[in-house]
Amino acid sequence: MGNGLRVAIIGGGWAGLAAGVELSAAGARVTVFESSRQLGGRARRVEVGGHLLDNGQHILIGAYHETLRLMRKVGAKPEHTLKRLPLELNHPGSSFRLQLPRLPVPLHLAFGLLAAQGCTLGEKISAVRFMRALQSHGYQLPNDCSVAELLDRHQQQGNLRRLMWEALCIAALNTSAENASAKIFANVLRDSLGGVAADTDLLLPAVDLGATFPDPAAQFIRAHGGEIHLSTRIDEIPSSLELQGERFDHILLAVAAPHAEKILRQHIETTPISEMLGGYSYEPIATVYLAFPPGLQPPCAMLGLETGSAGRIGQWAFDRGALCGTPGIISFVLSAHGVWEGLNNEALVSALHRELQDVLDKPLPQPLWQQVIREQRATFSCRPNLPRPTARTPLTGLWLAGDYVCANYPATLEGAVRSGIHAAAEILKH
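Definitions and cut-offs
Residues numbered from 1 in each chain as written. Predicted model: local features only at pLDDT ≥ 70, side-chain atom pairs only at ≥ 80, totals over all residues. Heavy atoms only, no water. Helix = DSSP H or I, 4+ residues; strand = E, 2+ residues; numbered from the N terminus. Buried < 20%, exposed > 50% of the residue type's maximum accessible area, 1.4 Å probe, protein only. Contact = heavy atoms within 4.5 Å. Areas by Shrake-Rupley, 256 points an atom, 1.4 Å probe, with all protein chains shown as cover. Lys, Arg positive; Asp, Glu negative; His and termini not counted. Charge placed at Lys NZ, Arg CZ, Asp CG, Glu CD. Core = buried A, V, L, I, M, F, W, Y, C linked by side-chain atoms within 4.5 Å. Disulfide = S-S within 2.5 Å. Pairing = 2+ DSSP bridges. Axes fitted to C-alpha atoms, helices over the stretch in contact; angles between N-to-C directions. Phe/Tyr/Trp six-rings, centres within 6.5 Å; stacked < 30°, edge-to-face > 60°. Lys NZ or Arg CZ within 6 Å of the ring centre and 35° of its normal. 1 Å grid on protein atoms, 1.4 Å probe; cavity = no way out; pocket = protein on both sides within 12 Å on 5 of 7 lines; lining within 4 Å. Points joined across faces, edges and corners; volume = space filled by probe spheres on them. Nonpolar A, V, L, I, M, F, W, Y, C, P; charged D, E, K, R; others polar. Expected span 1.5 Å × (residues − 1). Bend = angle between axes of the 7 residues up to and from the residue. Salt bridge = Lys/Arg side-chain N within 4 Å of Asp/Glu carboxyl O.

The helix and strand tally for the protein chain stands at 15 helices and 19 strands. With respect to the principal axes defined by its C-alpha atoms, the protein chain has extents near 60 × 50 × 40 Å. Burial statistics for the protein chain: of 430 residues in total, 58% are counted as buried. Long-range contacts, defined as pairs at least 24 residues apart, comprise 71% of the intrachain contacts of the protein chain with a sequence gap of at least 6. As displayed, the protein chain has an accessible area near 17,300 Å², and 51% of this comes from carbon and sulfur atoms. In the protein chain, which carries 38 positive and 39 negative side-chain charges, the distance between the mean positions of the two groups comes to 4 Å.

Next up, the structure:
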């Protein structure tokens with residue numbers, strides 16, 4: 001156990017907080033240093049015009065077992081803070097709809113695919129064969145390649161390819177199918193569509209992201225004798241493991257990969273890791289909030305905007321009235337590199353407003369207010385054969401956590417949480 005162990009955690013995102021919770025529960029004394037004024041990293045609360053929103057519309061799924069476990073551990077009660085919905089991909093503009101029924105594995109997936117609308121019988125049968133092929137090999141691929149190559153190899157075509165497989169790839173890996181790692185994508189399919197029926201459920205935040213885990217995690221750490229220092233940026237880690245005048249037994253670096261790269265290059269021992277991270281490329285995410293009068297009620301909480309028409313930029317629209325009790329507020333998510341990056345905020349809002357009108361097939365009033373949040377380097381680009389560091393570094397006492405450290409997962413909240421849990425377990429062994 002960690003009684004008497006002093007651990008500094010640099011970074012108060014989900015990875016750092018996950019590690020802090022596990023270490024605190026084991027008896028270690030934890031001190032978290034966060035450069036921002038609030039916790040949560042890339043999944044945090046923001047306030048816009050008196051409204052509590054999020055810096056991005058994050059999607060969780062039922063397969064995020066470690067995230068759900070830690071939420072319960074800190075008293076966050078996911079059954080209250082997350083709205084659980086059966087997986088539904090609804091693209092009215094393309095007449096495509098797929099919903100998985102509540103049936104035992106693997107019937108839920110087979111029946112869901114065969115009952116899908118807006119695709120041919122041949123596409124459905126081919127999709128079932130694709131999943132059976134992955135299952136027969138334990139979702140293990142002998143060699144990595146792009147998701148597009150994997151889909152080509154298994155003859156995935158038409159709307160099912162475009163609006164299911166490629167849409168899931170972008171949602172999970174934040175990387176286009178042409179560039180994304182098939183091995184990592186197969187892992188995601190294994191833990192979601194290949195798991196029990198509940199693993200495929202969508203878990204959409206019913207409160208702001210701060211309330212789902214970061215705030216309760218901070219309370220848990222403090223209740224176990226730890227400290228949280230906000231607005232405290234750490235840009236250097238001495239070999240002595242001393243920070244802010246305190247000597248620690250271990251330091252866990254749980255910041256985004258670009259920041260970690262700069263810190264790690266300061267030590268000869270960790271230069272190879274810094275150089276590895278220096279070779280990463282990154283993908284953007286934009287979240288656009290439009291506030292309409294409260295009477296606006298889309299047909300489902302998560303609405304697909306993609307219609308296949310040239311010039312369309314929309315991907316997903318979320319009804320925060322149905323999710324968070326803020327009627328009329330729609331959040332749009334635009335993931336990975338695309339045409340949308342070249343539009344200024346005004347043009348982006350105008351395009352999304354027009355596309356939502358087209359999908360709902362009715363005119364909409366001008367927004368009461370709007371907010372565009374862009375993150376140019378939101379996640380690492382999850383490409384084939386991308387090297388990933390381990391939690392342990394060659395510098396004694398220095399450890400890593402973050403979604404990029406979780407080698408078998410893409411840049412998701414579950415990946416971040418798993419990396420934090422693993423790093424905490426390794427620290428407690430030493």
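And the narrative resumes.
Counting residues in hydrophobic clusters, the biggest one holds 121 residues, and the most contacted among them are M164, W165, L193 and L253. Contacts of L193, omitting those with residues within four sequence positions, involve L87, L100, H108, L109, M131, M164, W165, L168 and T200. Formed by 23 residues, the second largest nonpolar core is a distinct cluster that contains A286, W340, A351 and V359.

A complete count under the given rule lists 0 disulfides for this structure. Just so you know, C406 is unpaired, no disulfide at all, and the nearest cysteine sulfur is the one on C382, 10 Å from it. Note on C406: relative accessible area 12%, which makes it buried.

Looking at where H58 falls in the secondary structure, it is placed in the loop between β4 (51-54) and β5 (60-61). Sequence-distant contacts of H58, that is, excluding residues within four places in its chain, are made with R42, A43, P205, L209 and L413.

Once that is clear, we can look at the pairing of strand β13 (residues 250-253). Because side chains alternate across β13, one face comprises the buried residues H250 and L252, and the other comprises I251 and L253, equally buried. Direction of pairing for strand β1 (residues 6-10) relative to β13: parallel, over a ladder of 4 bridges. Each bridged residue has a counterpart across the sheet, and for V7 the counterpart in β13 is H250. Two elements, β13 and strand β19 (residues 398-400), share 3 bridges in a ladder whose sense is parallel. Counted as the bridge partner of L252 is W399 from β19.

Our next topic: the sheet that holds β19. With parallel pairing, 5 strands are arranged side by side in an open sheet as β10-β2-β1-β13-β19. Both edges of this open sheet fall to β10 (227-229) and β19, since each of them pairs with a single strand only. Here the average twist between neighbouring strands, direction ignored, is 20°. Strand direction decides the pairing type here: β1 and strand β2 (residues 29-33), joined by 5 bridges, are parallel.

Time to look at the packing of aromatic side chains. Evaluation of the coordinates by the stated rule reveals 4 aromatic pairs. We note R6 situated over the ring of F248; from NZ or CZ to the ring centre the distance is 5.4 Å. It is R418 that lies over the ring of Y409; its NZ or CZ is 4.3 Å from the centre.

As a further point, take the sheet that holds strand β16 (residues 316-319). Here we have 5 strands laid out as an open sheet, ordered β15-β16-β17-β14-β18, and antiparallel in their pairing. Every other strand in the sheet has two partners, leaving β15 (302-304) and β18 (369-380) as the edge strands with one partner each. Between one strand axis and the next, the sheet turns through 20° on average, direction left out of account. Bridging between strand β14 (residues 282-291) and β18 involves 9 bridges; their strand directions are antiparallel. Of the residues in β18, the one forming a bridge with V288 is V372.

Empty space within the second largest pocket amounts to approximately 240 Å³. Around the second largest pocket, the lining is made up of 17 residues, and of these K183, I184, N187, A407 and N408 lie nearest the centre. Taken together, the residues of the lining of the second largest pocket sort by class into 7 nonpolar, 5 polar and 5 charged.

The next thing to look at is helix α7 (residues 158-173). For α7, spanning 16 residues, the distance from its first C-alpha to its last is 21 Å, which sits close to the expected 22 Å at 1.5 Å a residue. Residue E166 marks the point of greatest curvature in α7, where the axis turns by about 25°. Across the 16 residues that make up α7, a large majority, 12, are buried. N174, located one to two residues past α7, shows a positive phi value of around 50°.

Before going further, it helps to spend a moment on the pattern of salt bridges. Using the criterion set out here, one finds 21 salt bridges in the structure. In this structure, the salt-bridge partner of E283 is R383, at a minimum N-O distance of 4.0 Å. Of this pair, E283 sits in strand β14 while R383 sits in the loop between β18 and β19, and the two are 100 residues apart along the sequence. E283 gets classed as buried once you look at its relative accessible area, which sits at 2%. Look at R383 and you get partly exposed, because its relative accessible area is 32%. Notably, a salt bridge pairs E414 with R418, separated by 3.0 Å at the nearest N-O pair. A residue pair is termed a helical-turn pair when its members lie 3 or 4 positions apart in one helix, as E414 and R418 do in helix α15 (residues 413-429) at 4 residues. Here the salt bridges do not stand alone but share partners, grouping E22, E66, R69 and K73 into one network.

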